[in-house]
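Overview (structure and organization)
These are the residues of each chain, in order.
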Amino acid sequence: MIEVKQLHFKYPTMKNYVLNNINIRIELGQIVAIMGSNGSGKTTLIKHFNGLLKPNEGFVKVFGKDTRDDSVAAFSRRVGLVFQNPDHQIFSDTVWNEVAFALKNFGFEEEVIKKRVKWALEFFNLIQYKDTSPLLLSGGEKKRLCLASILAWDPDYIVLDEPTVGQDFLQKEKLREVIKMLATRNKTVIIVSHDVEFIWRLQPRLILLSNGEVAMDDTCANVFQNNVLLDKCGIVKPQFVELFDQLTPLLTHPPLDVLEARSIFLKLMKKGE
Amino acid sequence: MLCGKLTPLIKFVDFTFSYLDSPTPILKSVNLEIEEGEFVLLVGPSGCGKSTLLRCINGLIPHLYSGTYKGKVIVDGEQVSEKNISTLATKVGFVFQNPENQIFMFTVEKDIVFGLENIGLDKEEISRRLEWALKILNIEHLRYRAPYELSDGQKQRVAIAGALVMYPKILVLDEPTSLLDPKTAYDFISTLKELNRSIGITIIVVEHRIDLLAKVADRIIVMDNGQIVFDGPFKEVIKEKNLHLYGITVPPIINLQNVLSESGVNFPRYSLDVKSFSEMVKKEVFKVD
Amino acid sequence: MFWFAEGLIYRRQDSVFHTIDPRVKLFVSIMLFSLSLLSNTILEFLIILSLIFFIGVLSKTLKRMAKTFVFSLSFLAMVFIINVLVGYDIMFSIIISLRFISVVSSTSIFFLTSSPDELELVMKSFHLPYDLIFAFVTAVRFVPVIMLDAIQILDSQRSRGLEIEKGNLIKRIKNYLPVLIPLIVQAIIRSEELAEAMESRAYGYSKKKTSYYSLRLRKRDYFAASVSICFMIAFILAIYFLHI
């Protein structure tokens, strides 16, 4: 479990605190989304989860261990971070070696590495590229490669920083399936995202950050009902939530997706006849 | 009585292009006409050739990127392959995806003036155009700021300014909002629409975020595998089935109307946003006020 | 981390000296640099160093000049010791060291007080090829960006278990590859995107470009230049006729 208590953080060269008194607990098997306007501290917060950044006050404990008590490598073994730009991490001569990199760093045995890399590449449909240079892959393939690299070492927590940027519909669907699959395997997926429609389909626990503080930490449905807070954070509601707002009491709850919306409307229109 | 149309501002005639190191063409026999003043949205899955198409309009292809170039691309009556990029820069402005890598100078003002210095205009003219661009894009207060003092949204506005001062007839944008948060992206697109309305500049934008452009684009072109699959008014094309197979994220409320239409339910009006859909549904379907 | 470089990096400051035309500032720097090479006695160096000190006070950059000064002191001590060991007499070694300090300080005056914008305009006034000037401007503009990239890349790789502090020398050098390669790749991607943007804004339209900004000499520039020239003449005369 990740436990954040009274976390205060500011960058050494800056005056203002970026994170103010953050208190969060994240157990295994959850899907958690972190949203907030630019500068609200989202990326800064997730960097605390594997010890890249350490709190000025308060603490962050991962599986009971304070992040100040061990190396980033040790925490990364259990908390995997995938940053937004794949070009910031791709460097190996082959796709295979790119995925194997982290496994080698963590001290896995050769046999295990072979199995894990093969699994990861097959799962993300990249096995045909195993001997190609990763720099030659397309943007979408690079993003899949980064995800494959993280899942290869099987961390308990997977943290994704803006995974849907620049992705088209099919790529986003695949991502959604992967996230759901991970949650069923008792992993926790933490997503930082601006994409409200993508988040709405996932129905995660939603943590809203504003000015470095936790403004709200609740189910996705409840957070998207808080108009005042959403306005303050510059967040636009998912269209189906807005639909529910406009058509209450005809609708009893916001539809999860287009299929549910369709059946609700078909029923309503039958009633009206 | 006015007769006939003006010749299209942009014309692709049976155009095929493959990059130097690739045997397969990225654009295959493309035929396309865009009139002056249109606001066109260009979409398609990754690798379909949309970014390449944009670069054929301002001359980056074939002048910066060589390859096998067949057919014609005609912009404002002249063939792109016969004019160099620097001349085309006064006809076609280009705004790129990454806000950082298109601002070269130390201050906003200097960066906007960059293109005008290059084409050798006199100082008074440069000054006039500079003031106009700062005003029309609402960035007068950013005039002396350095790039690192600007937010990404502000950088993208500065990028438009740098292109607009060249007085182009066409503004081409390659995923300009993909690195921006939704609110900033929305403001950016509104600015584009305002420019299209007020000065009549033709706008061609490649974007994944259809929801932002639903009420703003007159026309949508869907590409796949180097060819144009759909091309028409936004309201018509967006009703097509299986747009998601082309990587397009159809906004939920539009998707809902399409899906209900397949089930035999047709509404009196087709709405592009939640508000107008709800109002229509309440008044005309459920007869509620 | 790069504290000793503080003496070479420009920072905005509201001092009279900063507002002087950069060509005059360059002249002052070069003049002091040349006089440092010409000087041979302790008295001569004391005069030069006092002038440098005075300029430091005038331009409010004394503190940062001093930081570079402290750095050069250690280097200096090394030069001094080597000279003594090799057998040059002490006086000679002192002179060498003083010359070193003077040369470094006089150079730093120009760089401390001139912004990259001014450097660009100076280069333009010398009619250096525009491609060169543009390369310089772009480099300075993107250095902070590249540094930020480096931090992000390091974060990404550390999150994959990379420990750059560990291991013997060879392992540590190998550990820098996962940081260097993405950095270089990013730099290449960046230059491609820059090239596209530059071309799209008519770079290379013609050899004749308008200079919207230009340097103009004002009263204070003429004053500073005359004072410097007088000082230089007086100094040279004093060396040869008064044998100071």
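Residues numbered from 1 in each chain as written. Chains lettered and ligands numbered in written order. Predicted model: local features only at pLDDT ≥ 70, side-chain atom pairs only at ≥ 80, totals over all residues.

1. A word on the overall build of chain C
Counting secondary structure elements, chain C contains 9 helices and 0 strands. For chain C, the succession of helices and strands along the chain, N to C, is α-α-α-α-α-α-α-α-α. Against the 2.2 N^0.38 benchmark of 18 Å for 244 residues, chain C shows a C-alpha radius of gyration of 23 Å, more extended than a compact globule. Overall, chain C is about 70 × 55 × 30 Å in size when its C-alpha atoms are taken along their principal axes. Residues classed as buried in chain C amount to 27% of the 244 residues present. For chain C, restricting intrachain contacts to residue pairs at least 6 apart in sequence, the fraction spanning at least 24 positions comes to 78%. (Helix = DSSP H or I, 4+ residues; strand = E, 2+ residues; numbered from the N terminus. Rg over C-alpha atoms; globule rule 2.2 N^0.38 Å. Buried ≥ 20, exposed ≤ 12 C-beta atoms within 10 Å, placed from the backbone. Contact = placed C-beta atoms within 7 Å.)

2. Describing the domain arrangement of chain A
All names here are of chain A. According to the domain assignment, chain A contains domain 1 (1-78 + 190-236) and domain 2 (238-273). Each partner contributes to the interface: domain 1 provides 7 residues, whereas domain 2 provides 6 residues. Considering each element in turn, the side of domain 1 that touches domain 2 owes the most residues, 4 residues, to helix α7 (residues 196-202). (Domains from an automatic or database assignment.)

3. Details of the domain arrangement of chain C
Entries for chain C in the domain assignment read domain 1 (3-114 + 216-242) and domain 2 (124-200). Computed over C-alpha atoms, the centres of domain 1 of chain C and domain 2 of chain C are 33 Å apart.

4. A few points about the confidence of the model for chain C
All names here are of chain C. On average, residues of chain C carry a pLDDT of 85, and 95% of them reach 70 or more. Mean pLDDT across the elements of chain C bottoms out in helix α3 (residues 62-86) (77) and peaks in helix α8 (residues 177-200) (93). In the predicted assembly, ipTM is 0.90 and pTM is 0.87. (pLDDT = per-residue confidence, 0-100.)

5. Section: the sheet that holds strand β2 (residues 19-26) of chain A
Residues and elements named next belong to chain A. The strand order across the open sheet formed by 4 strands is β2-β1-β4-β5, and the pairing between neighbours is antiparallel. Both edges of this open sheet fall to β2 and β5 (65-66), since each of them pairs with a single strand only. Across 5 bridges, strand β1 (residues 2-9) lies against strand β4 (residues 57-62) in antiparallel orientation. Note that in β4 the partner of H8 across the bridge is E57. (Pairing = 2+ DSSP bridges.)

6. Things to note about the sheet that holds strand β2 (residues 27-34) of chain B
Residues and elements named next belong to chain B. Strand order across the open sheet formed by 4 strands is β2-β1-β4-β5, with antiparallel pairing between neighbours. The open sheet is flanked by β2 and β5 (78-79), the only strands paired with a single partner. Pairing of strand β4 (residues 67-75) with β5, which is carried by 2 bridges, proceeds in the antiparallel orientation. Along β5, the bridge assignment pairs I74 with Q79.

7. As for the interface of chain C and chain B
How big an interface is tends to be expressed through the accessible area that disappears when the partners come together. With 26 residues of chain C at the interface, the matching set in chain B holds 30 residues. Looking at the side of chain C that touches chain B element by element, the count peaks at 8 residues for α8(C).

8. Some details on the interface of chain A and chain C
Between chain A and chain C, the residue contacts involve 20 residues of the former and 18 residues of the latter. Those elements that provide at least two residues to the side of chain A that touches chain C are α2 (72-76) and α3 (95-105) of chain A. Residue classes in the side of chain A that touches chain C are distributed as 11 nonpolar, 7 polar and 2 charged. (Nonpolar A, V, L, I, M, F, W, Y, C, P; charged D, E, K, R; others polar.)

9. Some points on the environment of M78(C)
With respect to the secondary-structure elements, M78(C) resides in helix α3. In sequence terms M78(C) and R216(C) are 138 residues apart; their C-alpha atoms lie 44 Å from each other.

10. As for the environment of L58(C)
Residues and elements named next belong to chain C. With respect to the secondary-structure elements, L58 resides in helix α2 (residues 42-58). Using a count of 15 C-beta atoms within 10 Å as the deciding quantity, one classes L58 as partly exposed. Taking the C-alpha atoms as reference points, L58 and K208, separated by 150 residues in sequence, lie 39 Å from one another.

11. Considerations on the pairing of strand β1 (residues 10-19) of chain B
Residues and elements named next belong to chain B. The sheet contact formed by β1 and β2 spans 5 bridges and is antiparallel. Following the sheet pairing, F12 is matched in β2 by L32. One ladder, built from 8 bridges, connects β1 with β4; its direction is antiparallel. Residue pairing in the sheet places S18 in a bridge with T68 of β4.

12. Details of helix α4 (residues 90-113) of chain C
Taking 1.5 Å per residue, 24 residues should reach 34 Å; α4(C) reaches 35 Å between its end C-alpha atoms and fits that length. Lining the buried residues of α4(C) we find α1 (22-38), α2 and α3 of chain C. (Expected span 1.5 Å × (residues − 1).)

13. Remarks on the packing of helix α5 (residues 116-125) of chain C against helix α6 (residues 130-158) of chain C
Packed helices, taken two at a time, are described by the angle their axes make and the gap between the axes. All names here are of chain C. Relative orientation of the contacting elements α5 and α6 amounts to 175°, with a least axis distance of 10 Å. When the axis of α5 is compared with that of α6, the two are roughly antiparallel. Between α5, through P116, E120, M123 and K124, and α6, the contact on the second element is made entirely by I133, F136, V137 and V140. Of the residues belonging to the contact of α5 with α6, the class tally is 6 nonpolar, no polar and 2 charged. (Axes fitted to C-alpha atoms, helices over the stretch in contact; angles between N-to-C directions. Parallel < 35°, antiparallel > 145°, perpendicular 65-115°, else oblique.)

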